[in-house]
Amino acid sequence: MATVYVVETNPTKKEFVTAWLDKQFWGGSGDPELIGTYRFDDTGGEVGFEGFILKREDKILHLPMTYRAAPLEGADDYLIVKMDHPVLGDRWAYDAMADPVGIHMLNQALAGEIQQADFHFYNQDGQYQGTEDSDISIYIRGELPEAWGTVSVHHVLDHLDLDGGELRRLVGRWEDASATLFELTPTQAAPTDTQPIISE
C-alpha cells in the first residue's frame, strides 16, 4: 500500500523532475507531460519508490526515484532534490538506481516477491480520501533461472514493442502502449548494497 498525501511539495514534483531531466543526456528538452506513475512498497517501511513515465517532445521517458527521510550516504551525485513536504517534513529524493533499497525493491519485484503498490490518498490533515489504481500497470515478462541479478533501467522508451529477449523484465503498460522499464541479468550471488548503475 502506497500512502500518498494530496499536498504540494516545495519544490513541486514537476519542478524537480524537470530540473533533473534537464541534467541527463537522455532527458530531452521542453515541458514534460506526465503520462502516469507507479510505486513499490519498501518492506522495511522506510523508503518510498515512485516511477514516472513522461512525454517530452517526441520522447517517452522513464524516471524511477526513491524518497528518504534522511540523506543517503555516498549518493550526493544522485540526489534529485531535497524537498519540503507539508506532512512528512524534509525529504530527500534520489535516482532509484543509486539507492540500495530501491535496487532491493526492484529485485523483489522482478522475482515476483512484491507487487506494485495500490495508492491510498490522504489530505494534509490526515483525512483518508480513498484509493485509486496506478496509471501504469506493471507486470513480469521473461524467464529467470536465478531469483536475483543485476538490475538495469530503461530511461528512454523509444521502442514500445516487447518482441525478443529472454531476460526477466518489468514491463509497464499505459493507455495503448507498453515498454520494458527494467531488466534483470541473473547472477549467482545474492544482491548487495553495491549494485552497478546501468542506464540506457
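Everything discussed here concerns the structure shown above.
In this report, the structure presented in the accompanying data block is examined. (Residues numbered from 1 in each chain as written. Predicted model: local features only at pLDDT ≥ 70, side-chain atom pairs only at ≥ 80, totals over all residues. Heavy atoms only, no water.)

With respect to the environment of Pro71
Argument step 1. One can find Pro71 in the loop between strand 4 (59–68) and strand 5 (79–85).
Argument step 2. For the pair Pro71 and Lys82, spaced eleven residues apart in the sequence, the C-alpha separation amounts to 8.8 Å.
Argument step 3. With residues up to four places along the chain from it excluded, the contact list for Pro71 reads Trp92 and Tyr94. (Helix = DSSP H or I, 4+ residues; strand = E, 2+ residues; numbered from the N terminus. Contact = heavy atoms within 4.5 Å.)

Topic: the environment of Val156
Argument step 1. Residue position: Val156 is located in the loop between strand 10 (149–153) and strand 11 (168–174).
Argument step 2. Note on Val156: relative accessible area 18%, which makes it buried.
Argument step 3. On a C-alpha basis, the gap between Val156 and Leu54 in space is 9.8 Å, while along the polypeptide they are 102 residues apart. (Buried < 20%, exposed > 50% of the residue type's maximum accessible area, 1.4 Å probe, protein only.)

Quick look at the nonpolar core
Argument step 1. Grouped together as the largest cluster of nonpolar side chains are 26 residues, with contacts concentrated most on Phe40 and Phe182.
Argument step 2. Among the secondary structure elements, those contributing two or more residues to this core are strand 2 (33–41), strand 3 (48–56), helix 2 (100–110), strand 10, strand 11 and strand 12 (177–186).
Argument step 3. Membership of the second largest hydrophobic core comes to 16 residues, among which are Phe16, Trp26, Leu63 and Val156. (Core = buried A, V, L, I, M, F, W, Y, C linked by side-chain atoms within 4.5 Å.)

Here we look at the packing of aromatic side chains
Argument step 1. On inspection of all chains with the given rule, the structure shows three aromatic pairs.
Argument step 2. Between Tyr38 and Phe40 the ring centres are 5.8 Å apart and the planes differ by 70°, which places this aromatic pair in the edge-to-face class. With respect to burial, Tyr38 and Phe40 carry one shared label: buried.
Argument step 3. Given the relative accessible area of 3%, Phe40 is considered buried.
Argument step 4. Feature note: the residues Tyr38, Phe40 and Phe49 constitute an aromatic cluster, connected by ring pairs. (Phe/Tyr/Trp six-rings, centres within 6.5 Å; stacked < 30°, edge-to-face > 60°.)

Brief notes about a negative patch on the surface
Argument step 1. Taken together, the side chains of Glu33, Asp135, Glu175 and Asp176 define an acidic patch exposed on the protein surface.
Argument step 2. You can see Glu175 is positioned in the loop between strand 11 and strand 12.
Argument step 3. Here Glu175 falls in the exposed class, since its relative accessible area comes to 73%. (Patch = residues over 30% accessible without salt bridge, like charges linked within 9 Å, V, L, I, M, F, W, Y side chains within 5 Å. Areas by Shrake-Rupley, 256 points an atom, 1.4 Å probe, with all protein chains shown as cover. Salt bridge = Lys/Arg side-chain N within 4 Å of Asp/Glu carboxyl O. Lys, Arg positive; Asp, Glu negative; His and termini not counted. Charge placed at Lys NZ, Arg CZ, Asp CG, Glu CD.)

Remarks on the pattern of salt bridges
Argument step 1. On inspection of all chains with the given rule, the structure shows six salt bridges.
Argument step 2. Salt-bridge contacts for Lys14 lead to Asp31; the nearest nitrogen and oxygen are separated by 3.3 Å. Taken together, the positions of Lys14 in helix 1 (residues 13–23) and Asp31 in the loop between helix 1 and strand 2 put the pair 17 residues apart, joining distant regions of the chain.
Argument step 3. Under the relative-accessibility criterion, Lys14 is labelled partly exposed at 47%.
Argument step 4. Its salt-bridge partner being Arg56, residue Asp22 comes within 2.6 Å of it at the nearest N-O pair. Note that Asp22 is positioned in helix 1 and Arg56 in strand 3, a separation of 34 residues in sequence.
Argument step 5. When its relative accessible area of 1% is taken as the criterion, Arg56 is described as buried.
Argument step 6. Put simply, Lys13, Arg39 and Glu50 are held in one network by salt bridges that share partners.

Some details on the environment of Asp95
Argument step 1. Note on placement: Asp95 falls in strand 6 (residues 89–95).
Argument step 2. Placed 32 residues apart in sequence, Asp95 and Leu63 show a C-alpha to C-alpha distance of 7.8 Å.
Argument step 3. The contacts of Asp95, once residues within four sequence positions are left out, are Trp20, Pro64, Tyr78 and Ile80.
Argument step 4. A polar atom in the side chain of Asp95 sits 2.9 Å from the backbone nitrogen of Met97. (Polar contact = N/O pair within 3.5 Å; in protein donor to acceptor, adjacent residues only side chain to side chain.)

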